[in-house]
Amino acid sequence: MEHNSSFGVDPLDATFGAIVTGIKLANVDALDFSKLYDSWLEFGLLIFPGQFLSNQEQITFAQRFGDLEFDLASITNVDENGQVRSDPGDDLVKSLQGAMGWHCDSTFMPIQAKGAVFTAHTVPSSGGETGWSDMCSAYDNLDKPTQKRVADLSAYHSLWYSQSKMGHKPKVNSSYGFHDLDPPLRPIVKVHPETGRQSLVIGRHAYGIPGMDPEASEEFLQSLMDFACQPPRVYYHKWSPGDAVVWDNRRLLHQGRPWDMREPRVMYHARIAGDPITEFAAHA
């Protein structure tokens, strides 16, 4: 019996990403999921407007991509008592502000994440978008001398490093990523394990290229970021309640955008675990 997929995949005006319509993620069958997965590898980011997934439905959908690094985390400025937190000195606010820098999830852990499913529950009246940037296209468009230069370079990755630049220094193991392990050392050029495409592994957690002066390393990594994170390699999504997205963390950087933190913003994040073979990075 022939299987006819009814969902549509509409590419974004960027080097990556697509909006998917005509499908309900809570009850996708195996054949449609296989086609969705292929589209995910092709586009790196799939946006599903108006899904209104429950927390359990979000977890179940994320599990179809693989084991989870963690099943669900709230990304929000609203505490468990329903109070909006906006004090710039609040650790929660500092974490949210840190995530407004371009980054790749879990590069500061021994195993980098494969991807994430993200949903919007409460959104502010303006701002609070999420941006993504295509590191495969960024690598492809580097000039040949720069491609040759980065081919053998690596950088350390640390959440301590990225947050300390904002004056945020919480206690060890106080929250996810603030561990006492040595920082992973990751090659700046990564080969995607499923598509074979090369990409840049950079972002705010990256620092300290071995063999390079710290200041020169900082300047070089920033120059790569400045080149990579510009049109047509970027897309910003304006959230509506009920939207869901899934992105490939092995290809894309992402960032939150500022909003008036006196307004509530409630998002949920399910993180897909990376393959221990292809996403592992030991410290030096």
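About the thresholds
Every chain is numbered on its own, with residues counted from 1 as its sequence reads. Given that the model is predicted, a residue must reach a pLDDT of at least 70 before its local features are reported, and side-chain atom pairs must reach 80 or more before they are shown or counted; all residues, however, enter totals for whole chains, interfaces and linings. Based on all heavy atoms of the structure, the side-chain values leave hydrogens and waters out of the count. Only DSSP runs of H or I reaching four residues or more are called helices, and only runs of E reaching two or more are called strands; each is numbered from the N terminus. Throughout, the radius of gyration refers to the C-alpha atoms, and the reference size of a globule is 2.2 Å times the residue count to the power 0.38. We call a residue buried when its accessible area falls under 20% of the maximum for its residue type, exposed when it is over 50%, and partly exposed in between, using a 1.4 Å probe and counting protein chains only. It only takes one pair of heavy atoms within 4.5 Å for two residues to be counted as in contact. A residue counts as positive if it is Lys or Arg and as negative if it is Asp or Glu; His and the chain ends are not included. Here the site of a charge means NZ on Lys, CZ on Arg, CG on Asp, or CD on Glu. Throughout this description, the term salt bridge denotes a Lys or Arg side-chain nitrogen within 4 Å of a carboxyl oxygen of Asp or Glu. At least two DSSP bridges between two strands are required for those strands to pair. Axis angles are defined between N-to-C directions and span 0 to 180 degrees, where every axis is a line fitted to C-alpha atoms and, for a helix, only to the segment in contact. Pairing of aromatic rings covers Phe, Tyr and the six-membered ring of Trp, with a centre-to-centre limit of 6.5 Å; geometry is then stacked below 30 degrees between planes, edge-to-face above 60, and tilted otherwise. Ring-over charges, as used throughout, are those where CZ of Arg or NZ of Lys falls within 6 Å of the ring centre and within 35 degrees of the ring normal. The rule is simple: put a 1 Å grid over the protein atoms alone, call a set of points where a 1.4 Å probe fits but cannot get out a cavity, call an open set with protein on both sides within 12 Å along at least five of seven lines a pocket, and count a residue as lining if it has an atom within 4 Å of a point. Grid points are joined across faces, edges and corners, and a volume is the space filled by probe spheres set on the points. Residues are sorted three ways: Asp, Glu, Lys and Arg are charged, Ala, Val, Leu, Ile, Met, Phe, Trp, Tyr, Cys and Pro are nonpolar, and all the rest, Gly among them, are polar. Disulfides are defined as cysteine sulfur pairs within 2.5 Å.

J.: Break down the overall build of the protein for me, citing the residues and quoting the values.
T.: Summing up its helical and strand segments, the protein has seven helices and 15 strands in all. Relative to its length of 284 residues, the protein is compact, with a C-alpha radius of gyration of 19 Å against a globular reference of 19 Å. In terms of overall dimensions, the protein has C-alpha extents of about 60 × 45 × 35 Å along its principal axes. Of all 284 residues assigned to the protein, the portion counted as buried reaches 50%. Put simply, 82% of the contacts in the protein that link residues at least 6 apart link residues at least 24 apart. Across the protein, the 24 positively charged side chains and the 36 negatively charged ones have centroids separated by 2 Å.

J.: Could you give me a rundown of the pattern of salt bridges, with the residues and numbers involved?
T.: A full pass over the atoms with the stated rule returns nine salt bridges. Among the salt bridges present, the one from D134 reaches R251, with a minimum N-O distance of 3.1 Å. Residue D134 is located in strand β6 (residues 130-134), and its partner R251 is located in the loop between β13 (244-248) and β14 (252-256); the two are separated by 117 residues in the primary sequence. Residue class for R251 comes out buried when judged on its relative accessible area of 4%.

J.: Go over the sheet that holds strand β5 (residues 115-122), please, and point to the residues and values.
T.: In space, the seven strands of this open sheet follow the order β1-β2-β3-β13-β5-β15-β4, with mixed pairing throughout. Each edge of the open sheet carries a strand with a single partner, namely β1 (8-11) and β4 (68-76). In this sheet, adjacent strand axes meet at a mean angle of 20 degrees when their direction is disregarded. Where β5 lies against β13, five bridges are found, and the strand directions are antiparallel. Of the residues in β13, the one forming a bridge with A116 is W247. On top of the sheet, helix α1 (residues 30-43) reaches β1, β2 (18-21), β3 (45-48) and β13; it is set at about 125 degrees to β3, its chief contact. Across the face of the sheet, helix α2 (residues 55-63) comes into contact with β4, β5 and β15 (266-272) while running at roughly 140 degrees to β4.

J.: Summarise the packing of aromatic side chains; cite the residues concerned and give the values.
T.: One pass over the full model with this rule turns up 15 aromatic pairs. Both rings, one in W40 and one in F65, keep their centres 5.0 Å apart while their planes meet at 70 degrees; by these two values the pair is edge-to-face. Of this pair, W40 sits in helix α1 while F65 sits in the loop between α2 and β4, and the two are 25 residues apart along the sequence. Taking relative accessible area as the criterion, F65 reaches 4% and is therefore assigned buried. Linked through ring pairs, F33, Y37, W40, F48, F61 and F65 together constitute an aromatic cluster. Between R265 and the ring centre of W259, over which it is positioned, the NZ or CZ distance is 5.0 Å.

J.: Explain the sheet that holds β6 to me, and be specific about the residues and the numbers.
T.: If you walk across this open sheet you meet the three strands as β12-β6-β14, and the pairing is antiparallel. Sheet topology places β12 (234-237) and β14 at the edges, where each strand pairs with a single neighbour. Along the sheet, successive strands turn relative to each other by an average axial angle of 20 degrees, direction set aside. Pairing geometry for β6 and β14, over five bridges, is antiparallel. Opposite W132, over in β14, you have H254 as the bridge partner.

J.: Any chance you could break down empty space enclosed by the protein for me, citing the residues and the numbers?
T.: Inspection of the entire model under this criterion finds one cavity of 30 Å³ or more. Counted as a void, the largest cavity has a volume near 40 Å³. Taken together, C104, Q112, M135, S199, L200, V201, N249, R250, R251 and L252 make up the lining of the largest cavity. In the lining of the largest cavity, the residues fall into five nonpolar, three polar and two charged.

J.: Give a detailed account of the state of the cysteines, specifying residues and quantitative values.
T.: For the coordinates displayed, the defined rule picks out zero disulfides. Just so you know, C104 is unpaired, no disulfide at all, and the nearest cysteine sulfur is the one on C136, 11 Å from it. The buried category is assigned to C104, whose relative accessible area is 6%.

J.: Any details on the pairing of β5? Residues and values, ideally.
T.: Across the eight residues that make up β5, a large majority, six, are buried. Pairing of β5 with β15 involves seven bridges; the strand directions are antiparallel. Along β15, the bridge assignment pairs G115 with I272.

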